[in-house]
Structure formats: structure tokens, C-alpha cells
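Here are the chains, one letter per residue:
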Amino acid sequence: MTVFFIGAGPGAADLITVRGRDLLARCAVCLYPGSLTPPDLLAHCPPGAKRIDTADLSVDQIVGELVAADRAGHDVARLCSGDPSIYSAVAEQMRRLDAADVRYEVVPGVPAFAAAAAELGRELTVPTVGQSLVITRVQARSTAMPPGEELATFAASGTTLALHLAINRVEQVVEELLPHYGADCPVAVVHLASQPGQQILRGTLAGIAQQVRAAEITRAAVIFVGRVLAAENFPDSYLYSAARDRSEKLRGLE
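Residues numbered from 1 in each chain as written. Predicted model: local features only at pLDDT ≥ 70, side-chain atom pairs only at ≥ 80, totals over all residues. Heavy atoms only, no water.

- The name that an unreviewed UniProt entry assigns to the chain is Precorrin-4 C(11)-methyltransferase, with the source organism given as Amycolatopsis bartoniae.
- In its Pathway (unreviewed entry) section, the UniProt record describing the chain reads: "Cofactor biosynthesis; adenosylcobalamin biosynthesis."
- Recorded under Sequence similarities (unreviewed entry), the UniProt text for the chain is reproduced unchanged: "Belongs to the precorrin methyltransferase family." (UniProt positions renumbered as here; feature names shortened; annotations may be inferred.)

The following block contains the structure:
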């Protein structure tokens, strides 16, 4: 049997991949992250499937359920918010499944930052303005950040930032970024991207903290910082530029 770590997407039930949906429909056991999973998504579970809300479970309890289902001969869907590759806590679950000799596979999903960028209607890599994206968070009650991954370190490059798990530290974020990006740097906050109750705030570093507090946003939000958010007068991408010599592709085949 197999445990499938399935990226459930950012919230909207129709943003799960076709592969993820089809696997969910065949698994007799489904573990899902509580209020972050829309009921419409769980409707894809087969009739009679055992559904387990992991919101109040420890990692050992979660893995215990995964192993028990596997030993009972069931395929298991372990839904993860967004994409399993970031901030999903699957690494520690995989480590325990390896020790228990339980097979698993990972099915990618739409990450929250990608859904948030789509709601903003913005590309995060704009020619000559920004070609890199740093996805990070700030230190709060969670695991300590590794040395060298402080927010100021990333900010020194001036690259576009996508901050997860940082909305309750928005004042700290502003304080640390102001010396590097300037008060007029564009900022956007997307709360509950693709979900009912979605909110979008647009502003600058100088005023975004006040906007967040006024909107009473305290969870499930991505903060974007960078000039790409307001970029307008930039050149076309070289790939599709009319100035590109289209014959170069043919020459490369000679």
C-alpha cells in the first residue's frame, strides 16, 4: 500500500491537481489539515472512507494513523495545504515512514504564494525589474530560523520576497525591510487566496502594517514585497521579443 502526500492547493477545491483528485478518490483513509481543507475537496473521498482531522494531532499521532492504515492494507491520502515542498511538515512524517518501512509518494499542488500572485494579477519575475523570488517566513513561536536566513540577509539583495507565516509580525517585517527597500516599495497582502473571504491589500512598506491591522488579518496570508508589484515600463522578455533573432534556433540545429 502507499501513503500519498497530496498538495491540496491554496483552498479552492478546484485547484487540486487532477492526479491529486483521482488519488483522493481511491484512498480508503484520508488525513486532512482541519479548517484549511474545504468540504468540497473532501467530497472526492470514496464512500465510506475514514476521514481524520489532523488539526489537534501530534506528528507521532499522525504517523501512527498512516502506519495503521498501511498495515491494514489501505492506500492513504495525506492532504497538505498548498504544495508539500514548502511549510508542510512532511519531512518529519517521511522520516518516520522510512523507519517504519512504509512506502509513500508526493503529489505536488498549487502553493499559496502562486495562488496569491494569480489573484494579484502579477508576474513575480519581470524583465530588468526582478528575476528572483525568495520564499521565507519570520521567527515567531515556530522553529528558529537557521543562521544566515534572517530576513535582513535576504532583504540586502533587494529581491522580491514572498513571506509566509508573517502576518502577525507585520510591524517587525516593515522595520527590518525599510532600510533595504525604502518606504515607497510596493507591498501586497493576500489573505485566504482563492477562498471565500479573500482579501487583498495593496500599498507600500510605509503603510502596510496599518492596513493589515485595520483589516484585522491575523492568519492565512502571504505578504509580497518588491518593485515587480508595480512594474510598468519594462522591456519584453527576450524569449518573445520582436527584436530577437529567430534564426538563431535554426542555426543551433545545424
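On we go from here.
## Some words on the sheet that holds strand 8 (residues 186-191)
Two orientations exist for strands paired in a sheet by backbone hydrogen bonds: parallel and antiparallel.
Now for step 1: Strand order in the open sheet made by the 5 strands is 6-7-10-8-9, with mixed pairing throughout. Looking at the sheet topology across the chains shown, the edges are occupied by strand 6 (133-137) and strand 9 (199-204). Neighbour-to-neighbour, the strand axes of this sheet turn through a mean angle of 20 degrees, independent of strand direction.
Now for step 2: Bridge count between strand 8 and strand 9: 6 bridges; the pairing is antiparallel. Among the inter-strand pairings, V187 is bridged to a residue of strand 9, identified as G203.
Now for step 3: Contacts from helix 5 (residues 112-120) reach strand 6, strand 7 (160-164), strand 8, strand 9 and strand 10 (221-225), with the element oriented near 65 degrees to strand 10.
Now for step 4: Strands in contact with helix 8 (residues 208-215) are strand 8 and strand 9; relative to strand 9, the strand with the most contacts, it is inclined by about 155 degrees. (Pairing = 2+ DSSP bridges. Helix = DSSP H or I, 4+ residues; strand = E, 2+ residues; numbered from the N terminus. Axes fitted to C-alpha atoms, helices over the stretch in contact; angles between N-to-C directions. Contact = heavy atoms within 4.5 Å.)

## Quick notes on the pattern of salt bridges
Now for step 1: Tallied over the entire structure, the rule returns 8 salt bridges.
Now for step 2: The residue K50 makes a salt bridge to E65 at a minimum N-O spacing of 3.7 Å. Residue K50 is located in strand 3 (residues 50-53), and its partner E65 is located in helix 3 (residues 59-71); the two are separated by 15 residues in the primary sequence.
Now for step 3: For R71, the salt bridge goes to D70, with nearest N and O atoms at 3.3 Å.
Now for step 4: Assessed through its relative accessible area of 52%, R71 is described here as exposed.
Now for step 5: Classification of D70 by relative accessible area gives buried; the value is 13%. (Salt bridge = Lys/Arg side-chain N within 4 Å of Asp/Glu carboxyl O. Buried < 20%, exposed > 50% of the residue type's maximum accessible area, 1.4 Å probe, protein only.)

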